[in-house]
Amino acid sequence: MLTASLVEAPSENPGGTEAAAVEVLEKACRAVGLQVTTTEAAPERPNLVATLPAGRRGEGSDGAIQQGPGLMFLGHSDVVPAGPNWSADPYRARYSDGRIYGRGTTDMKGGLAAVVAAMQALRHAGAYGIELSGPVRLVCTVDEEEHGIGVRDFVSRPADHDFLGCIVAEPTDLQVVRGCRGASYLEIDVFGRAAHSGRPSDGRSAINAAAQIVDLIRFDHEHLALTQDELLGSGTWNVGTIAGGQGISVVAPTCSLGIDRRLMPDEDPHAIADQLRSTISRAGIDTDGITVDVRVTMEMPGFATPADHPLVTTAVEAVTNAGTTTSIGGWSAACDGGFVSRDLGVPSIVLGPGNINTDAHQPDESVAVGDLVTAARAYTLAALRLLGAS
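### Remarks on the state of the cysteines
For the coordinates displayed, the defined rule picks out 0 disulfides. Here cysteine 166 stays unpaired: no disulfide links it, and the sulfur of cysteine 335, its closest cysteine neighbor, is 8.2 Å away. Considering cysteine sulfurs only, cysteine 335 is the nearest to cysteine 180, which forms no disulfide, with 4.1 Å between them.

Listed below in structure tokens is the structure:
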């Protein structure tokens, strides 16, 4: 099974080790007759694009293929580090009680395998007189779990991006997610002046200034929560790391904060950083020997696709016809689909096997084999209906 083969090609991030998993995926795609290209988004970190061309032929004497908008599937090859507390080797796939266990089974090598299975089925649809009006394309990026190097490279390259929709095969427990919040990282460096702790007024404490900034962030977090979007809730702040000081007997000359800011679809993290800088200045924090630097180190945009969009309604129908119940909702997590939606203008949803909350990023990660099969069927049905199969 392709899911197991992908799990057994470790691709931990941080680490930049996706190449082995991409090689496995490339061989599988070529074996089912897809057109495959790989492009390095960074040294030894290849993105993969696998395409099933359109199958509808024109009425001219040359019988040329008439290609309309296609359907994109999106996934990523990297996984988070295995971490401790596994009951067995996280990179030896194993089967038990109808589930496959191993790092990446849910997030998201199982989803990639389901897409390849669907594209294989679609490739053979011509034998039954079924022709697609546009191509089906799988885009597999690197570095989704960290800084999005892969998807940034993909959307920046000139290419044919005429797609009526994108299905991100991340684990949603086969629920149709029509919107996601985005994510961003802000790093704040505060600089003061060291002095002997016996005379703290001789110095300027960067830690004290950082504490004031944390208070500003907490206040804004509470303010944002007062306005809730029906689909996605609100933007949020989280101060995840803090480091500073030179020694217990020294007034702290430096302090650094690492901050996660979750984004609504219309929010720009650079504008948020500018606003925070202004708030810090208005509060008088960066005066009298204190300087503050705020910078954005990571951004992943959010997106929202209307509930009545054909991509959404067709996906719901496809999952239902594939044999399971589903719903339409939003996601508090972020994914590469935001770049496809924002930068390429392609409507996006998230739909995949596995549960991101109970299975992903945890010891003994697993996915149900039945969910992989259902996902492959749903992807096949969605492509047939969206691409106007005759």
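Now that the structure is up, let's keep going.
### Description of helix 5 (residues 206-224)
Given 3.6 residues per helical turn, the α-helix brings residues three or four places apart onto the same face. Between its first and last C-alpha, helix 5 extends 27 Å over 19 residues, near the 27 Å set by a 1.5 Å rise per residue. Where helix 5 is concerned, the buried positions are Ala206, Ala209, Ala210, Ile213, Ile217 and Leu224. The arc enclosing the buried residues of helix 5, seen along the axis, measures out at 100 degrees, which places them on a common side. Exposed residues pointing more than 90 degrees away from the buried face of helix 5 are listed as Asn208 and Phe219. For helix 5, the secondary structure elements touched by its buried residues are strand 9 (182-191), strand 10 (236-244), strand 11 (254-263), helix 6 (269-282) and strand 12 (291-300). The residue sitting at the N-terminus of helix 5 and contributing the capping side-chain oxygen is serine 205; that oxygen lies 3.3 Å from the backbone nitrogen of isoleucine 207.

### Concerning the sheet that holds strand 16 (residues 366-368)
Taken in spatial order, the 3 strands line up as 4-5-16 in an open sheet, and their pairing is antiparallel. Two strands close off the open sheet at either side, each with one partner strand: strand 4 (94-96) and strand 16. With direction set aside, neighbouring strand axes in the sheet form an average angle of 25 degrees. With 3 bridges joining them, strand 4 and strand 5 (residues 99-101) adopt antiparallel strand pairing. In the strand pairing of strand 5, arginine 94 is matched with tyrosine 101. Across the sheet, helix 9 (residues 369-386) touches strand 5 and strand 16, and the angle it forms with strand 16 is around 60 degrees.

### Brief notes about the confidence of the model for the protein
In low-pLDDT regions, the fine details of the predicted coordinates are not to be read closely. Put simply, the protein has an average pLDDT of 94, and 97% of its residues get 70 or more. Low pLDDT, under 50, characterises residues 57-61; the predicted model gives this stretch 8 contacts beyond four residues in sequence or across chains.

### Thoughts on the pattern of salt bridges
Enumeration according to the criterion identifies 20 salt bridges in this entry. Glutamate 299 is the partner of arginine 342 in a salt bridge, and the nearest nitrogen-oxygen pair spans 3.5 Å. Placement of arginine 342 in helix 8 (residues 337-344) and of glutamate 299 in strand 12 is noted, with a sequence separation of 43 residues between them. The partly exposed category is assigned to arginine 342, whose relative accessible area is 46%. A cluster of three or more residues bridged by salt bridges with shared partners is formed by Glu187, Asp189, Asp293 and Arg295.

### A short note on helix 9
Its 18 residues give helix 9 an end-to-end C-alpha distance of 26 Å, which sits within 8% of 26 Å, the value for a rise of 1.5 Å per residue. Every buried residue of helix 9 is accounted for by Leu372, Thr374, Ala375, Ala376, Ala378, Tyr379, Thr380, Ala382, Ala383, Leu384 and Leu386. Glycine 388 lies just past helix 9 and shows a positive phi near 60 degrees.

### Some thoughts on the side chain of serine 366
In this fold, serine 366 is placed in strand 16. A polar side-chain atom of serine 366 sits 2.8 Å from a polar atom in the side chain of arginine 99. Apart from the residues lying within four places of it in its own chain, the contact partners of serine 366 are Arg99, Ile100, Tyr101, Thr105, Thr106 and Asp359.

### Comments concerning the packing of helix 4 (residues 149-156) against helix 8
Packed helix pairs are specified by the crossing angle of their axes together with the interaxial distance, meaning the distance between the axes. At a closest axis distance of 10 Å, the pairing of helix 4 and helix 8 adopts a crossing angle of 25 degrees. Comparing their axes, helix 8 and helix 4 come out roughly parallel. The way helix 4 lies across helix 8 gives a crossing that is right-handed. Residues Val151, Arg152, Phe154 and Val155 of helix 4 lie in contact with helix 8, whose contacting residues are Phe339, Asp343 and Leu344. Class assignment of the residues belonging to the contact of helix 4 with helix 8 gives a composition of 5 nonpolar, no polar and 2 charged.

What counts and how
- Every chain is numbered on its own, with residues counted from 1 as its sequence reads.
- Thresholds applied to this predicted model are a pLDDT of at least 70 for local features of residues and 80 or more for the giving and counting of side-chain atom pairs; totals over whole chains, interfaces and linings are not thresholded and use all residues.
- The basis for every side-chain value is the complete set of heavy atoms in the structure, and neither hydrogens nor water enter the calculation.
- A pair of cysteine sulfur atoms is labelled a disulfide when the two atoms are within 2.5 Å.
- The numbering of helices and of strands both runs from the N terminus, where a helix is a DSSP run of H or I of at least 4 residues and a strand a run of E of at least 2.
- What a helix is expected to span follows from its residue count: subtract one and scale by 1.5 Å.
- Partly exposed residues are those whose accessible area sits between 20% and 50% of the maximum for their type, while under 20% is buried and over 50% is exposed, using a 1.4 Å probe and protein chains only.
- In this description, one arc is meant: the one made by directions from the helix axis to the C-beta atoms.
- Note on definitions: a residue-residue contact is assigned when non-hydrogen atoms from the two residues lie within 4.5 Å.
- Whenever two N or O atoms come within 3.5 Å, that pair is a polar contact, provided that in protein one can donate a hydrogen and the other can accept it, and provided that, for residues adjacent in sequence, both atoms are side-chain atoms.
- When DSSP finds at least two bridges between two strands, those strands are taken to pair.
- Here an angle of 0 to 180 degrees is reported between the N-to-C directions of two axes, which are lines fitted to C-alpha atoms, with helices fitted over the stretch in contact.
- Within a predicted model, pLDDT stands for the predictor's per-residue confidence, ranging from 0 to 100.
- A pairing counts as a salt bridge when a side-chain nitrogen of Lys or Arg comes within 4 Å of a carboxyl oxygen of Asp or Glu.
- Any angle between 65 and 115 degrees counts as roughly perpendicular, while under 35 counts as roughly parallel, over 145 as roughly antiparallel, and the rest as oblique.
- For a crossing to be left-handed, the near helix must be turned anticlockwise from the far one by less than a right angle; the clockwise case is right-handed.
- Under the convention adopted here, Pro, Cys and the residues Ala, Val, Leu, Ile, Met, Phe, Trp and Tyr are nonpolar, Asp, Glu, Lys and Arg are charged, and Gly plus all remaining residues are polar.

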